[in-house]
Amino acid sequence: MAETLTKNHEILEGPQAPRQSRFVQQFRLFKENRLAVVGLVIFLAFFITAVAGVVLTSGQDPVFNPSLVRLQEKLQPPLSLPNLETLKAHEVPTLGIYLLGTDDLGRDVFARMLQGAWVSLTVGFVAVGIAVIVGIFLGGLAGYYGQEGICYDQILDFLLLLSGIIFFILKWHKLGFGLFTAGIFMMILSFRARRVKQNRFMPGWLHKSAFSFDTLIMRMVDIMLCFPSFFLILTVVALLPASIYNIMIVIGLTSWMGTTRFVRAEFLSLREQDFVSAAKALGLGNFRIIFRHMMPNAVAPVLVSATIGIATAILTEAGLSFLGFGVPPPYATWGNILSDGKRFIFDAPWLTFVPGIAILIVVLCFNLFGEGLKDALNPKLRQE
Amino acid sequence: MAFQKPLLRTEDLKVYFYGRDKISRAVDGVSYHIHAGETVCLVGESGCGKTVSALAALGLIPSPPGKIVGGRILFKGTDILSLDEDAMQKIRGNQISMVFQEPLTSLNPVFTIGDQIGEAIRTHETISQDALDKRCVQLLRDMGIPSPEQRLHDYPHQLSGGQRQRVMIAMALACNPDLMIADEPTTALDVTVQAQILNLLKSVQEKASMAVLYITHDLGVVSGIADRVYVMYAGLIVEEGNTRQVFGNAVHPYTMGLLASLPDRKKRGKRLHNIPGTVPNPAYKPDGCPFHPRCSHAVESCKTVEPEMIPLEEGHRCRCPVLAKKP
């Protein structure tokens, strides 16, 4: 047998097809999808615009000044020329032309759009980043540990710790500290009891499972989904100081439910796959199996939904700004340009069309890009 | 061999699966042992508890619904049922490894095979990337995979079924385990590849002086590779012995039925024997001997008395009081 093997070995060492690196193959697949390439190009253009926008519109004396008021030049249509006689030297737009017109205060819409691009980009990415990380983590745990029960003693530990912290915050220091220590003590006892698989210290019913881990997480998802999330965001934004970072975090923390459900569903089917048992039989730890072996199998559809989520986050931010709850003025975002423009929709339609169409194009390009990514990331299609 | 302590020994192992309103007694008191370097076969029909009794040795019974309700599993003298999860992870893959039935689905589709073999090694050893690559290439070469340097960067879907099974075996061998559990490794492969894989297993076993627990329902395979054989039926071992004893001198009617239903040159042109009926549902096993409803030798006492293992010769035992008494 060994001889035949070596013989075969020599024979089969034939000419090899030239090998391509993984990235090259992925890019080749991606290129086949024309629409996705268009999406990618627009996305890159958007990215460059956003970065350039930050550089060009910030500082003491910006190249494009988005907040310069010229009341005598208000509501100029796009591509109109400034009246040089009535403007001071520093008020003349940098390009010498109002590329996208001016708004009701005579501010240059082009400069404002540039400034707003960065907000849209970061809101989209940070919010979706938070949502995807939370979603993957919770969904992965729910899908993998689904059937593991949460026991009464664990609930008790948690409640003790939580009430301790709450009382501490309410300035009932002694009670809070007592409850907190009791919680930690209980936790150590529970751990010990689990380790030695017999409990001398605790009554048996404490180790009965109350509900499954899956139930816990999925009911949390249901509760979050029950809130009309836009109003939840409005409430939170009204309570928190108005800042662009708060908005990103709030949007992120109210949009992880979709990803969680998605990842959980993927994990429920992946968990039964043989390669998971094989990984276990190799002696890999649970976290390694979840995040290194199963996650890459579930991540392609998540990425696709994330690109669509970026679009939704941009829309949500625009909606918030439109309602006046978003980024505080005079900072321009696409949403508040749109909202300011709605009063003049018949007199100056460009004030609504320009940001509206910009949002439309960016959202569309993200969706197209996500679709192309899905094909490129599938190793089954990545063949010579 | 007989004086040595066995590498793996299960004693009266019981694994039950708890359903909504019934209990499936998948493994109901199984004792087997494997010495170092030995090839032992677990034979039986589908659903007789072969896989479950082997998975128990790795602590991989899906729980819930499964639960080990009784017995001991001694690996090198320590009861692995009492070990915690961390200690089990050190044993899995490192000292006991497993080859699964379906090479198509047992490899992770999104990683190259080099990544996966490397992971098997890196889980249990600290090793530099260079040395790791070299070892992976060597493993693949030992498995008879041509141009291993290139194959290392292939994804599982780019390999054939036989090659994938070779990769699985390479992963199982990666840490030089003392025992390899092979769960029907050739069932999903076609016959020519099957023979190659069997030869491969045999040659690596000799080289590595590793014990193999081979789970199969294919008696033809068993006769080719086994040192000793355990025949299982409905969660019980019904006959055990070395290959010559079980194949040449079977006593239990179930074993005899299995052997009689093998195609053979002598039986050319005749109808093959078949055992009437099917394996009992593990949740509703018959009283007494589980085989009695299908057995042509059954007597009245078979319906009530659960048979014990009866020693026949050195190492040959069987669970049939009717036939064992009148040799």
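Analysis parameters
- Residues numbered from 1 in each chain as written.
- Chains lettered and ligands numbered in written order.
- Predicted model: local features only at pLDDT ≥ 70, side-chain atom pairs only at ≥ 80, totals over all residues.
- Heavy atoms only, no water.
- Helix = DSSP H or I, 4+ residues; strand = E, 2+ residues; numbered from the N terminus.
- Buried < 20%, exposed > 50% of the residue type's maximum accessible area, 1.4 Å probe, protein only.
- Contact = heavy atoms within 4.5 Å.
- Areas by Shrake-Rupley, 256 points an atom, 1.4 Å probe, with all protein chains shown as cover.
- Pairing = 2+ DSSP bridges.
- Axes fitted to C-alpha atoms, helices over the stretch in contact; angles between N-to-C directions.
- Phe/Tyr/Trp six-rings, centres within 6.5 Å; stacked < 30°, edge-to-face > 60°.
- Lys NZ or Arg CZ within 6 Å of the ring centre and 35° of its normal.
- Expected span 1.5 Å × (residues − 1).
- Arc of directions from axis to C-beta.
- pLDDT = per-residue confidence, 0-100.
- Left-handed = near helix turned anticlockwise from the far one by under 90°.
- Nonpolar A, V, L, I, M, F, W, Y, C, P; charged D, E, K, R; others polar.

As for the overall build of chain A
The helix and strand tally for chain A stands at 14 helices and 2 strands. The buried share among the 384 residues of chain A stands at 42%. Of all intrachain contacts in chain A linking residues separated by at least 6 positions in sequence, the fraction that spans at least 24 positions is 71%. Summed over its atoms, the accessible surface of chain A is roughly 20,500 Å², and 69% of this surface lies on carbon and sulfur atoms.

Some words on the side chain of His 293 of chain A
With respect to the element layout, His 293 of chain A can be found in helix H12 (residues 286–322). Under the relative-accessibility criterion, His 293 of chain A is labelled buried at 6%. With near-sequence residues (within four places) excluded, His 293 of chain A lies in contact with Phe 275, Ala 279, Leu 284 and Arg 288 of chain A together with Asn 108, Phe 111 and Glu 119 of chain B.

Notes on the sheet that holds strand S7 (residues 179–183) of chain B
Residues and elements named next belong to chain B. The sheet built from 8 strands is open, its strands ordered S6-S7-S8-S3-S9-S10-S12-S11 with mixed pairing. With one partner strand each, in any of the chains shown, strand S6 (96–99) and strand S11 (310–313) form the two edges of the open sheet. Across the sheet, the axes of successive neighbouring strands diverge by a mean angle of 20 degrees, strand direction being ignored. Pairing between strand S10 (residues 236–242) and strand S12 (residues 316–318): 2 bridges, direction antiparallel. The residue bridging Glu 239 from the neighbouring strand is Cys 318, located in S12. Across the sheet, helix H6 (residues 161–173) touches S6 and S7, and the angle it forms with S6 is around 175 degrees. Where helix H10 (residues 253–260) meets the sheet, its contacts fall on strand S9 (228–233) and S10, and the angle it forms with S9 comes to roughly 105 degrees.

A look at the packing of aromatic side chains
Inspection of the entire model under this criterion finds 16 aromatic pairs over all chains. Ring centres 5.7 Å apart and planes at 50 degrees place the aromatic pair Phe 46 of chain A and Trp 334 of chain A in the tilted group. In this pair, Phe 46 of chain A is assigned in helix H3 (residues 34–57) and Trp 334 of chain A in helix H13 (residues 334–341), connecting sequence segments 288 residues apart. Of the residues examined, Phe 46 of chain A reaches a relative accessible area of 5% and is grouped as buried. Taking the relative accessible area as the measure of exposure, Trp 334 of chain A reaches 5% and is therefore buried. Relative to Phe 213 of chain A, the ring of Tyr 145 of chain A has its centre 6.4 Å away and its plane inclined at 80 degrees; by these criteria the two rings are edge-to-face. Taken together, the residues span a long stretch of sequence, with Tyr 145 of chain A in the loop between helix H4 (109–144) and strand S1 (149–151) and Phe 213 of chain A in helix H7 (residues 213–226) at a distance of 68 residues. Through successive ring pairs, a cluster of aromatic residues spans Phe 43, Phe 47, Phe 125, Phe 366 and Phe 369 of chain A. The ring of Phe 111 of chain B has Arg 292 of chain A sitting right over it, with the charged end atom 4.7 Å from the ring centre.

Quick word on helix H4 (residues 129–142) of chain B
Residues and elements named next belong to chain B. With 14 residues, H4 should reach 20 Å at 1.5 Å per residue; the first-to-last C-alpha distance of 20 Å fits that figure. Of the positions making up H4, those classed as buried are Leu 132, Cys 136, Val 137, Leu 139 and Leu 140. For H4, the angular spread of the buried residues around the axis is 160 degrees, confining them to a single face. Exposed residues pointing more than 90 degrees away from the buried face of H4 are listed as Asp 130 and Lys 134. Along its buried surface, H4 packs onto helix H3 (113–124), helix H5 (148–151) and H6. At the exit of H4 stands Gly 144, carrying a positive phi of roughly 75 degrees.

Here's the deal with the confidence of the model for chain B
Averaged over all residues, the pLDDT of chain B equals 82, while 98% of them reach at least 70. In the model output, the complex is listed with pTM 0.75 alongside ipTM 0.79.

Remarks on H4 of chain A
For H4 of chain A, with 36 residues, the first-to-last C-alpha span of 51 Å sits near the 52 Å given by 1.5 Å per residue. When you tally the buried positions in H4 of chain A, you get 27 out of 36 residues, the bulk of the element.

Description of the packing of H4 of chain A against H12 of chain A
Residues and elements named next belong to chain A. Interaxial distance between H4 and H12 falls to 7 Å at its minimum, and their mutual angle equals 145 degrees. The way H4 lies across H12 gives a crossing that is right-handed. Residues belonging to the contact of H4 with H12 are distributed by class as follows: 22 nonpolar, 4 polar and 1 charged.

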